[in-house]
Amino acid sequence: MEECLIMPKQTGQKDAFYASLELYYNSYKRGEAWYSNDIFKIEIQKKLPYLRKGAQDGPYLVKQSELTRYFGLVYYDYTSKPGKGHITNNGIRFFNAYLQNNYDLQIEIIIDA
């Protein structure tokens with residue numbers, strides 16, 4: 001079998017990826033240990049107004065951060081109610097590379113994930 005990259009379902013949009021990671025990064029910068037899904041669902045709609053059409057679908061809104069979790073940039077606690085997550089060390093490195101337009105480091109972090 002050939003090697004292949006298996007992507008998660010739901011969303012793979014670049015704007016959702018970076019907006020989601022920014023929300024978790026900002027939470028980290030404020031010193032918050034965890035970022036609640038309830039807050040995430042509100043804030044992601046502010047960052048990406050086109051999501052307001054799906055605003056009644058909470059899982060759809062949370063899925064916007066799926067790629068960040070898939071690549072290990074965000075850790076998600078599936079046992080808590082409401083759900084919560086936080087940015088990982090690799091997520092911090094990745095977002096800082098993004099802020100510095102360091103595409104090589106971003107790619108390296110994703111490939112090593």
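Preceding this section is the structure that the text describes.
What counts, and where the lines are drawn
- Residues numbered from 1 in each chain as written.
- Predicted model: local features only at pLDDT ≥ 70, side-chain atom pairs only at ≥ 80, totals over all residues.
- Heavy atoms only, no water.
- Pairing = 2+ DSSP bridges.
- Helix = DSSP H or I, 4+ residues; strand = E, 2+ residues; numbered from the N terminus.
- Core = buried A, V, L, I, M, F, W, Y, C linked by side-chain atoms within 4.5 Å.
- Buried < 20%, exposed > 50% of the residue type's maximum accessible area, 1.4 Å probe, protein only.
- Contact = heavy atoms within 4.5 Å.
- Polar contact = N/O pair within 3.5 Å; in protein donor to acceptor, adjacent residues only side chain to side chain.
- Salt bridge = Lys/Arg side-chain N within 4 Å of Asp/Glu carboxyl O.

Engineer: Teacher, can you tell me more about the sheet that holds strand S2 (residues 74-77) here?
Structural biologist: The pairing of strands in a sheet comes from backbone hydrogen bonds and takes either a parallel or an antiparallel form. What the three strands build is an open sheet, ordered S1-S3-S2; its pairing is antiparallel. Edge positions in the sheet fall to strand S1 (35-36) and S2, since each of these pairs with one other strand and no more. When S1 meets strand S3 (residues 84-87), the two strands line up antiparallel, connected through two bridges. In the strand pairing of S3, Tyr 35 is matched with Gly 85.

Engineer: Is there a simple way to think about the pairing of S2 in this case?
Structural biologist: Within a regular strand, side chains alternate between the sheet's two faces. The pairing of S2 with S3 spans four bridges and is antiparallel. Across the sheet, Val 74 pairs through a bridge with Ile 87, a residue of S3. Between S2 and S3, which pair antiparallel one after the other, the connecting turn spans six residues.

Engineer: Mind showing me how you'd approach the nonpolar core here?
Structural biologist: Nonpolar side chains tend to gather and get buried jointly when the protein is soluble and globular. Grouped together as the largest cluster of nonpolar side chains are 23 residues, with contacts concentrated most on Leu 21, Ile 44, Leu 73 and Phe 94. For this core, the secondary structure elements donating two or more residues are helix H1 (14-29), helix H2 (37-47) and helix H5 (89-99). The element that contributes the greatest number of residues to this core is H1, accounting for eight residues. With residues near it in sequence (within four places) discarded, Ile 44 still touches Ala 19, Ser 20, Leu 23, Leu 51, Leu 61 and Gln 64.

Engineer: Explain the side chain of Ser 20 here, please?
Structural biologist: Within the fold, Ser 20 resides in helix H1. Judged by relative accessible area, which is 0%, Ser 20 ranks as buried. Separated by 2.7 Å, the side chain of Ser 20 and the backbone oxygen of Ala 16 make a polar contact.

Engineer: What exactly am I supposed to notice about the pattern of salt bridges here?
Structural biologist: Where charged atoms from two side chains of opposite charge approach closely, those side chains can pair. Applying the stated criterion to the full structure yields four salt bridges. For Lys 47, the salt bridge is made with Glu 22, and the minimal N-O distance between the two is 3.3 Å. Taken together, the positions of Lys 47 in helix H2 and Glu 22 in helix H1 put the pair 25 residues apart, joining distant regions of the chain. Of the charged contacts in the structure, one is a salt bridge between Glu 32 and Arg 30, with a shortest N-O distance of 3.1 Å. A residue is classified by how much of its surface remains accessible, and Glu 32, at 33% relative accessible area, is partly exposed.

Functional significance is not addressed by these values, which are geometric in nature.
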